[in-house]
Amino acid sequence: MCGIAGVIYKDKKSHHVGEALTSMLESLQHRGPDSAGYAIYGSLNFPDNYYQLNIEVKRKRGVLDNLKSLLTQFSPIFEEEIVESVGDSDVYKCKIALDEYSLLKPCISEIDDLKDVNVINGSHSFEMIKDTGKVKDIAERFDVPSRMGTHGIGHTRFATESGVDRYHAHPYQSYIIPDITVVHNGQITNYWKIRDPLERKGHTFESFNDTECIVHYMADKLNQGYKLEEALDQAVIDLDGPFSILVGTPNGIGIAKDKLGLRPGVMVETDEIFAVASEEMALHDVVDSDQIEQIAPGETRAYTI
């Protein structure tokens, strides 16, 4: 089934986005017990050329040393942290400086070539946190409720395709443009029809998960000059299958539902907040309002700040 959630604060100020999304995802936990994740925007106040890397590192001798040795070929390493996790690997977090954004993906690709290392993501304006297990455990492990920001999206996963691991948890990210993420409930049945043209344009796929296909599709549209809601409108036309798609960008969030309305989605908007989720109970966790709307089949909605 999967559960999706998103929230954006209209005043552009920093709020407890991590706490809000955690409450929403806990209300949606029954929709997906396998993994959960967050993209929290406005949480990283970096200079223009700084990026945060989250890297899964096996607990084996020499692995972390090899990683750091490679990283220093790209940049000095700042603000290192290791988050101990369940299983045989940990998450190594650090900040690096690059001369331009186009160097981020090549850096990530070289890191991924190392043995026993897997890059979860690299970002400038948002923090991605995702792992296997229940929402409550992940939130505690990564101290998510303390994360401040302007907006964010989240997901709790019931895996119907691809692996159940930290990398395949949502959100997914594309590096076609900076800091775009997607969470998704559903299935894209014309996956290869969407993926093939993107690959011919040079976009690189790391998995066969249809959510990765969606985030590359959305990034490609935004890169062409589409506004967020325009890209979502086109997605409803181009993508087949049952879906509710939630997109995060540095400036906003947007949602789209398939033409037949086969996946759930509700939203609420007040003077202070715009929020979306798979089910109504999740919205009550963040806003006191009875003005909750069902997202209609084929409807899109976006809010930017």
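For every chain, the first residue of the written sequence is number 1, and numbering continues from 1 onward in sequence order. Owing to the predicted nature of the model, reporting of local features is limited to residues with pLDDT of at least 70; listing and counting of side-chain atom pairs is limited to 80 or more, with chain, interface and lining totals taken over all residues. As a rule here, side-chain values come from all non-hydrogen atoms in the structure, and water together with hydrogens is ignored.

1. Observations concerning the sheet that holds strand S11 (residues 243-249)
Here comes step 1: At least two DSSP bridges between two strands are required for those strands to pair. Numbering of helices and strands starts at the N terminus; helices are DSSP runs of H or I of at least 4 residues and strands are runs of E of at least 2. The antiparallel open sheet is built from five strands, whose spatial order is S9-S10-S11-S12-S16. Both outer strands of the open sheet, strand S9 (172-174) and strand S16 (300-304), are each paired with one neighbouring strand and no more. Averaged over all pairs of adjacent strands, the angle between their axes in this sheet comes to 20°, without regard to strand direction.
Here comes step 2: Note: S9 against strand S10 (residues 180-186), three bridges, orientation antiparallel. Each residue of the ladder has a partner; that of Tyr-172, found in S10, is Val-182.
Here comes step 3: Any two residues whose heavy atoms approach within 4.5 Å are treated as being in contact. Orientation is described by lines fitted to C-alpha atoms, with helices fitted over the stretch in contact, and by angles between N-to-C directions that extend from 0 to 180 degrees. Contacts between helix H6 (residues 210-223) and the sheet are confined to S9, S10 and S11, with S10 contributing the most and set at about 135° to the helix.
Here comes step 4: Contacts from helix H7 (residues 228-238) reach S11, strand S12 (252-257) and S16, with the element oriented near 160° to S16.

2. Things to note about H7
Here comes step 1: Inspection of H7 places Leu-228, Ala-231, Leu-232, Ala-235 and Val-236 among the buried residues, and these make up the whole buried set. Viewed end-on, H7 has its buried residues packed into an arc of 145°, placing them on one side of the element.
Here comes step 2: Its buried side turned inward, H7 meets H6, S11, S12 and S16. The cut-offs for exposure are 20% and 50% of the maximum accessible area for each residue type, with area from a 1.4 Å probe on protein chains only; residues under the lower value are buried, those over the upper are exposed, and the others partly exposed. For this quantity, the arc is that covered by the directions from the helix axis to the C-beta atoms.

3. Concerning the side chain of Glu-56
Here comes step 1: Here Glu-56 lies in strand S3 (residues 50-58).
Here comes step 2: The exposure class assigned to Glu-56 is buried, which follows from its relative accessible area of 18%.
Here comes step 3: In protein, a polar contact means a hydrogen-donor-capable atom and an acceptor-capable atom, both N or O and within 3.5 Å, with residues adjacent in sequence counting only if both atoms are side-chain atoms; elsewhere, any N or O pair within 3.5 Å suffices. In terms of polar contacts, Glu-56 uses its side chain to reach the side chain of Ser-89, at 3.3 Å.
Here comes step 4: A distance of 2.4 Å separates a polar atom in the side chain of Glu-56 from a polar atom in the side chain of Arg-166.

4. Considerations on the packing of H6 against H7
Here comes step 1: Close contact between H6 and H7 brings their axes to 9 Å; oriented N to C, the two are set at 130°. Taken together, the axis directions place H6 and H7 in an arrangement best described as oblique. Read as a crossing pair, H6 and H7 show a hand that is right-handed. Residues Tyr-217, Met-218, Lys-221 and Leu-222 of H6 lie in contact with H7, whose contacting residues are Leu-228, Ala-231, Leu-232, Gln-234, Ala-235 and Asp-238.
Here comes step 2: Three residue categories are used. Nonpolar comprises Ala, Val, Leu, Ile, Met, Phe, Trp, Tyr, Cys and Pro, charged comprises Asp, Glu, Lys and Arg, and polar comprises the others, including Gly. For the contact of H6 with H7, the per-class residue count stands at seven nonpolar, one polar and two charged. Note on angle classes: values under 35 degrees are labelled roughly parallel, values over 145 roughly antiparallel, values of 65 to 115 roughly perpendicular, and the remainder oblique. The hand of a helix crossing depends on one turn: near helix anticlockwise from the far one by less than a right angle means left-handed, and clockwise means right-handed.

5. Focus: the domain arrangement of the chain
Here comes step 1: In this entry, domain limits derive from an automatic or database-based domain assignment. As far as domains go, the chain holds domain 1 (3-44 + 132-304) and domain 2 (46-124).
Here comes step 2: Summarising the inter-unit geometry, the C-alpha centres of domain 1 and domain 2 are found 24 Å apart.
Here comes step 3: Each side of the interface is counted separately: domain 1 has 13 residues, and domain 2 has 21 residues.
Here comes step 4: Here's the idea: put two parts together, see how much 1.4 Å probe accessible area each one loses, and the total over both is what we call buried area. Where domain 1 abuts domain 2, roughly 1,500 Å² becomes buried across the two surfaces, and 54% of that area is made up of carbon and sulfur atoms.
Here comes step 5: Each reported salt bridge corresponds to a side-chain nitrogen of Lys or Arg within 4 Å of a carboxyl oxygen of Asp or Glu. Here domain 1 is connected to domain 2 by two salt bridges.
Here comes step 6: Ionic pairing is found between Lys-105 and Glu-206, a salt bridge with its closest N-O pair at 2.8 Å.
Here comes step 7: For the interface between domain 1 and domain 2, the tally reads eleven residue pairs in polar contact (both at pLDDT 80 or more).
Here comes step 8: In terms of residue class, the side of domain 1 that touches domain 2 is made up of six nonpolar, two polar and five charged.

6. Observations concerning the packing of helix H2 (residues 63-71) against helix H3 (residues 104-112)
Here comes step 1: Between H2 and H3, whose axes approach to 10 Å, the crossing angle comes to 150°. On the basis of the axis angle, H2 is roughly antiparallel to H3. The two elements H2 and H3 meet at a crossing, and its hand is right-handed. Mapping the contact onto sequence places Leu-67, Leu-70 and Leu-71 in H2 and Cys-107, Glu-110 and Ile-111 in H3.
Here comes step 2: Of the residues in the contact of H2 with H3, the class split is five nonpolar, no polar and one charged.

7. Let's talk about the sheet that holds strand S15 (residues 293-294)
Here comes step 1: What the seven strands build is an open sheet, ordered S7-S2-S8-S1-S14-S13-S15; its pairing is antiparallel. What marks the edges here is a single partner per strand, and that holds for strand S7 (126-132) and S15.
Here comes step 2: When strand S13 (residues 266-269) meets strand S14 (residues 273-277), the two strands line up antiparallel, connected through four bridges. Paired with Val-266 across the strands is Ala-277, a residue of S14.
Here comes step 3: On the sheet, helix H1 (residues 17-27) packs against strand S1 (3-9), strand S2 (35-41), strand S8 (151-157) and S14 and is oriented at approximately 150° with respect to S1.

8. Things to note about the state of the cysteines
Here comes step 1: Here, the term disulfide refers to a pair of cysteine sulfur atoms separated by no more than 2.5 Å. Counting across every chain of the model gives zero disulfides.
Here comes step 2: Distance from the sulfur of Cys-2, which forms no disulfide, to the nearest cysteine sulfur (Cys-213) is 16 Å.
Here comes step 3: The class for Cys-213 is buried, based on a relative accessible area of 1%.

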